[in-house]
Amino acid sequence: MERAVQTTAIRLAVLIFFVMAGVGWLAGCSSSACAVRAVGGAMVMYVVVRICGRIVVKILIDAMVDSHVRKQAEKNKDKD
């Protein structure tokens with residue numbers, strides 16, 4: 001799961017880099033300004049996706065564990 005989150009974060013960061021660079025270029029900014037802003041946006045996107053991805057993975061794992069524990073409790077309850 002962590003590998004999938006990292007891959008998604010990288011892909012979205014690269015996409016945001018090019019989108020922000022293109023928007024900056026179309027707005028008439030200098031090349032260096034476009035590059036700096038695009039790199040900053042890509043870094044922020046990478047960090048945000050990694051953090052959100054970790055949160056989602058933890059929520060899913062907790063839900064799976066809770067479901068498994070409930071099923072085991074029901075099986076034990078039925079046996080008694």
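From a predicted model like this one, the values you see are computed outputs, not experimental measurements.

Draft legend 1. Region of interest: the overall build of the protein. What the protein contains, in helices and strands, is two helices and zero strands. Its C-alpha atoms give the protein a radius of gyration of 21 Å, more than 25% over the compact-globule value 12 Å for 80 residues. Projected onto its principal axes, the C-alpha coordinates of the protein cover approximately 75 × 20 × 10 Å. Out of the 80 residues in the protein, the part that is buried amounts to 15%. In the protein, 69% of the contacts between residues at least 6 apart in sequence involve partners at least 24 apart. Carbon and sulfur atoms form 68% of the exposed surface of the protein, whose accessible area is close to 6,300 Å². The average position of the 11 basic charges and that of the 6 acidic charges among the side chains of the protein differ by 14 Å.

Draft legend 2. Quick look at helix 1 (residues 2-26). Taking 1.5 Å as the rise per residue, helix 1 with 25 residues should run 36 Å; its terminal C-alpha atoms sit 36 Å apart, in good agreement. Where helix 1 is buried, its residues touch helix 2 (31-79). Gly28 occupies a position one or two residues after helix 1 and carries a positive phi of about 90 degrees.

Draft legend 3. Summary view of the pattern of salt bridges. Scanning the model with the defined rule gives one salt bridge in all. The salt bridge partner of Glu2 is Arg54, with a shortest N-O separation of 4.0 Å. Placement of Glu2 in helix 1 and of Arg54 in helix 2 is noted, with a sequence separation of 52 residues between them. Owing to a relative accessible area of 38%, Glu2 belongs among the partly exposed residues under this scheme. On the basis of relative accessible area, Arg54 is assigned to the partly exposed category, the value being 40%.

Draft legend 4. Broad picture of a nonpolar patch on the surface. A surface patch of nonpolar side chains, amounting to about 330 Å² of accessible area, comprises Leu12, Leu15, Val19 and Val23. Along the chain, the position of Val23 falls in helix 1. Owing to a relative accessible area of 53%, Val23 belongs among the exposed residues under this scheme.

Thresholds applied
Residues numbered from 1 in each chain as written. Predicted model: local features only at pLDDT ≥ 70, side-chain atom pairs only at ≥ 80, totals over all residues. Heavy atoms only, no water. Helix = DSSP H or I, 4+ residues; strand = E, 2+ residues; numbered from the N terminus. Rg over C-alpha atoms; globule rule 2.2 N^0.38 Å. Buried < 20%, exposed > 50% of the residue type's maximum accessible area, 1.4 Å probe, protein only. Contact = heavy atoms within 4.5 Å. Areas by Shrake-Rupley, 256 points an atom, 1.4 Å probe, with all protein chains shown as cover. Lys, Arg positive; Asp, Glu negative; His and termini not counted. Charge placed at Lys NZ, Arg CZ, Asp CG, Glu CD. Expected span 1.5 Å × (residues − 1). Salt bridge = Lys/Arg side-chain N within 4 Å of Asp/Glu carboxyl O. Patch = residues over 30% accessible without salt bridge, like charges linked within 9 Å, V, L, I, M, F, W, Y side chains within 5 Å.

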